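# Inside the fold
Here is how the chains run, residue by residue.
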Amino acid sequence: MVKAVVGACWGDEGKGKITDMLADKSDIVIRFQGGSNAGHTIINEYGKFTLHQLPSGVFHSNITNIIGNGVALSVENFVSEIKELTDRGIPHPNIIVSDRCQVVMPYHKQQDGLEEARIADAAFGSTKSGIAPFYSDKYGKIGFQVSELFADKEYLMNRISNVLTLKNTLFKNLYGAEVLKVEDIYNKLMEYRDLLEPYVADTFDFLSKAVKDNKEILLEGQLGSLKDPDHGIYPMVTSSSTLAGYGAIGAGLPPYEIKEIISVVKAYSSAVGAGAFVSEFFGEEADELRRRGGDGGEYGATTGRPRRMGWFDVVASRYGCQVQGATCAALTVVDVLSYLDEIPICTAYELDGEEIGYFPSTVKLERCRPIYKVMPGWKTDIRGIRNYNDLPDNAKRYIEFIDANICTPIKMVSNGPAREDIIYR
Ligand code: GDP
């Protein structure tokens, strides 16, 4: 069976932990989109890890991990993350890279930085991992597919020189940067070819057989619904689809094979980068939740930037689950809220004087104001609880209110960062 674990909101919902947990029962774990611009934090018997490029199944030696064709592959990060794992005593992961996946080039990162500097105050808050230039080039047909690294020199030199005609016009005339040389790019591609060679495979063929053999396959999403380029808060989005539906394309699987879609929802909200965030709050109250949040505070796994904080947003989360086509939800970080006397929940938006329950497109979203309902807190540590009925009544009320309002049944409640901190409902 194919399952997907995806984010319902702005990302950082705790997908890494849920994926790592479900990976236990999987044969294959696949990254199908995005690059190393976001990180999953995983805590297990080996310690604490932040994965940016590798699938979360790398800790289990019985799992085949796949970098799907939809991923933006940073070869440097791929290699250094594998090294970090083996240096820390984890067996060399079993991992294959789709020959249809494309590589992030050093000039993508450079372009990302130059563009953020050019637009200065209007910057998107990019992690400067080269993701937007990478996907622009992929769809502009001037990217490099892994399969092409194994083509003959003449073919590659022609491709590179066409790509550089475009890139150098931009670099020289718009950014006043140094121009790129064909020979340097060729050498870089050859370096990537040598590093990737042991991992490259026709993953489509591999997965077709795996589906036929009824293998347990897990699709691992990055970021969340609201960062999707079509359904998110455009233009403050990422550059590849964050939705489970794209899993079929970014991994190379029949869409009808994705039977379970688990959307990970956080018990409060956090966001990185710019963009509308209706239930955001500030000041000492926000600082306290940021300090207590997640495992060791709400700071970007890739950048270390403080995340923006907000109360649980029913409107955004319901929409986020719906666009994912979620069959169930996992509610995470519930334990973090245990210190609060009262917990506001944003239940609707006010748009131009009218109450709305739908999540509008960005221009309208910017004008929305939160409408809150305040729930009583439970004021006891809930870590270590394994049975739903053992939770304090107010914690159950909070969970059940969310469950009733996001149109998606909450099947898992996460009450701590570790693999075993989970309550099934
Ligand atoms: P992801 O990108 O969706 O995997 O999310 P991140 O890894 O960026 O952020 C989630 C953070 O919350 C990580 O530090 C996790 O270890 C932590 N975390 C996940 N679930 C829980 C939970 O239920 N309680 C607490 N306290 N932390 C959690």
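You'll find the structure just up there.
### Focus: the overall build of the protein chain
- Across its full length, the protein chain holds 12 helices and 20 strands.
- A globule of 425 residues ought to have a C-alpha radius of gyration of about 22 Å, and the protein chain, at 22 Å, matches this closely.
- Its C-alpha atoms give the protein chain principal-axis dimensions of roughly 70 × 50 × 40 Å.
- Taken over 425 residues, the protein chain has a buried fraction of 57%.
- When contacts within the protein chain are restricted to residue pairs at least 6 apart in sequence, those whose partners lie at least 24 apart make up 74%.
- Total accessible area on the protein chain stands at roughly 17,100 Å², and carbon and sulfur atoms take up 50% of it.

### Some words on the nonpolar core
- One finds L289, F312, L331, L337, Y349, F359 and Y398 to be the most contacted residues of the largest nonpolar core, which totals 57 residues.
- Those elements giving two or more residues to this core turn out to be helix 9 (283–292), helix 10 (314–324), strand 15 (328–332), strand 16 (342–351), helix 12 (393–405) and strand 19 (410–414).
- Excluding residues that lie within four positions of it along the chain, F359 makes contacts with L226, I233, V315, A316, Y319, Y349 and L365.
- Of all hydrophobic cores here, the second largest spans 40 residues; its members include I42, I67, F171 and Y192.

### Comments concerning the packing of helix 3 (residues 106–119) against helix 5 (residues 153–174)
- One can describe the packing of helix 3 onto helix 5 by two numbers: an axis separation of 12 Å at closest approach and a directional angle of 30°. The orientation of helix 3 with respect to helix 5, classified from their angle, is roughly parallel. Here helix 3 runs over helix 5; the crossing is left-handed. Where helix 3 approaches helix 5, its residues Y107, Q110, Q111, L114 and R118 are matched on the opposing element by V163, K167, L170, F171 and L174.
- Classifying every residue of the contact of helix 3 with helix 5 by side-chain character gives 6 nonpolar, 2 polar and 2 charged.

### A look at the environment of K128
- As for its position among the elements, K128 is in the loop between helix 3 and helix 4 (131–139).
- Judged by its relative accessible area of 45%, K128 is partly exposed.
- On a C-alpha basis, the gap between K128 and D112 in space is 5.2 Å, while along the polypeptide they are 16 residues apart.
- Setting aside residues no more than four positions away along its own chain, K128 makes contact with K109, D112, G113 and E116.

### Describing the packing of aromatic side chains
- Going through the model one piece at a time under the given rule, you end up with 10 aromatic pairs.
- Both rings, one in F32 and one in Y246, keep their centres 6.5 Å apart while their planes meet at 45°; by these two values the pair is tilted. Remark: Y246 occurs in helix 8 (residues 244–251) and F32 occurs in the loop between strand 2 (28–31) and strand 3 (40–44); sequence separation between them is 214 residues. Grouping residues by exposure puts F32 and Y246 together as buried.
- With a centroid separation of 4.8 Å and an interplanar angle of 90°, the aromatic rings of F134 and Y135 are classed as edge-to-face. By the burial criterion, F134 is buried, and Y135 matches it.
- In textbook terms, an aromatic cluster arises when at least three aromatic residues are bridged by ring pairs, as seen for Y319, Y349 and F359.

### Thoughts on the site of the ligand
- Near the ligand lie 21 residues; those nearest to it are K15, G16, T41, D335 and S414.
- Contact distances for the ligand include 2.8 Å between a nitrogen atom and a side-chain N or O atom of D335.
- Within the contact set of the ligand, an oxygen atom lies 3.1 Å away from a backbone nitrogen or oxygen of G416.
- In isolation the ligand has 590 Å² of accessible area, and contact with the protein removes 97% of it.

### Let's talk about the side chain of R290
- Within the element layout of this structure, R290 appears in helix 9.
- Not counting the four nearest positions on each side in its chain, R290 is found in contact with G297, E298, Y299, P306, R307, R308 and M309.

### Thoughts on helix 10
- Across the 11 residues that make up helix 10, a large majority, 9, are buried.
- Along helix 10, the positions that sit buried rather than exposed are V314, V315, A316, S317, R318, Y319, G320, C321 and Q324.
- Where helix 10 is buried, its residues contact strand 1 (2–7), helix 8, strand 11 (258–266), strand 14 (312–313), strand 16 and helix 12.
- The residue sitting at the N-terminus of helix 10 and contributing the capping side-chain oxygen is D313; that oxygen lies 3.0 Å from the backbone nitrogen of V315.
- Following helix 10 by one or two positions, G325 has its phi on the positive side, about 70°.

### So, the pattern of salt bridges
- Scanning all chains against the criterion turns up 27 salt bridges.
- With a shortest N-O distance of 3.4 Å, D194 and R193 are connected by a salt bridge.
- Note on R193: relative accessible area 26%, which makes it partly exposed.
- The salt bridge involving D393 is made with K396; its shortest N-O contact spans 3.8 Å. With a gap of 3 residues between them, D393 and K396 both fall in helix 12, about one helical turn apart.
- Using a relative accessible area of 48% as the deciding quantity, one classes D393 as partly exposed.

### Side note on the pairing of strand 10 (residues 217–224)
- Extensive coverage of strand 10 is indicated by the burial of 8 of its 8 residues.
- Pairing of strand 1 with strand 10, which is carried by 5 bridges, proceeds in the parallel orientation. For V2, the partnering residue across the bridge sits in strand 10 and is I217.
- Pairing between strand 2 and strand 10: 4 bridges, direction parallel. By the bridge assignment, V29 is partnered in strand 10 with L218.

### Side note on the environment of M1
- With respect to the element layout, M1 can be found in the segment before strand 1.
- On the accessibility criterion, M1 (34% relative accessible area) is partly exposed.
- Between the C-alpha atoms of M1 and K215, which are 214 residues apart in sequence, the distance is 6.3 Å.
- Setting aside anything within four residues of it in sequence, one finds M1 in contact with N214, K215, E216, I217, K259 and E260.

Each value, and the rule that gives it
Residues numbered from 1 in each chain as written. Predicted model: local features only at pLDDT ≥ 70, side-chain atom pairs only at ≥ 80, totals over all residues. Heavy atoms only, no water. Helix = DSSP H or I, 4+ residues; strand = E, 2+ residues; numbered from the N terminus. Rg over C-alpha atoms; globule rule 2.2 N^0.38 Å. Buried < 20%, exposed > 50% of the residue type's maximum accessible area, 1.4 Å probe, protein only. Contact = heavy atoms within 4.5 Å. Areas by Shrake-Rupley, 256 points an atom, 1.4 Å probe, with all protein chains shown as cover. Core = buried A, V, L, I, M, F, W, Y, C linked by side-chain atoms within 4.5 Å. Axes fitted to C-alpha atoms, helices over the stretch in contact; angles between N-to-C directions. Parallel < 35°, antiparallel > 145°, perpendicular 65-115°, else oblique. Left-handed = near helix turned anticlockwise from the far one by under 90°. Nonpolar A, V, L, I, M, F, W, Y, C, P; charged D, E, K, R; others polar. Phe/Tyr/Trp six-rings, centres within 6.5 Å; stacked < 30°, edge-to-face > 60°. Near = heavy atom within 4 Å. Polar contact = N/O pair within 3.5 Å; in protein donor to acceptor, adjacent residues only side chain to side chain. Salt bridge = Lys/Arg side-chain N within 4 Å of Asp/Glu carboxyl O. Pairing = 2+ DSSP bridges.

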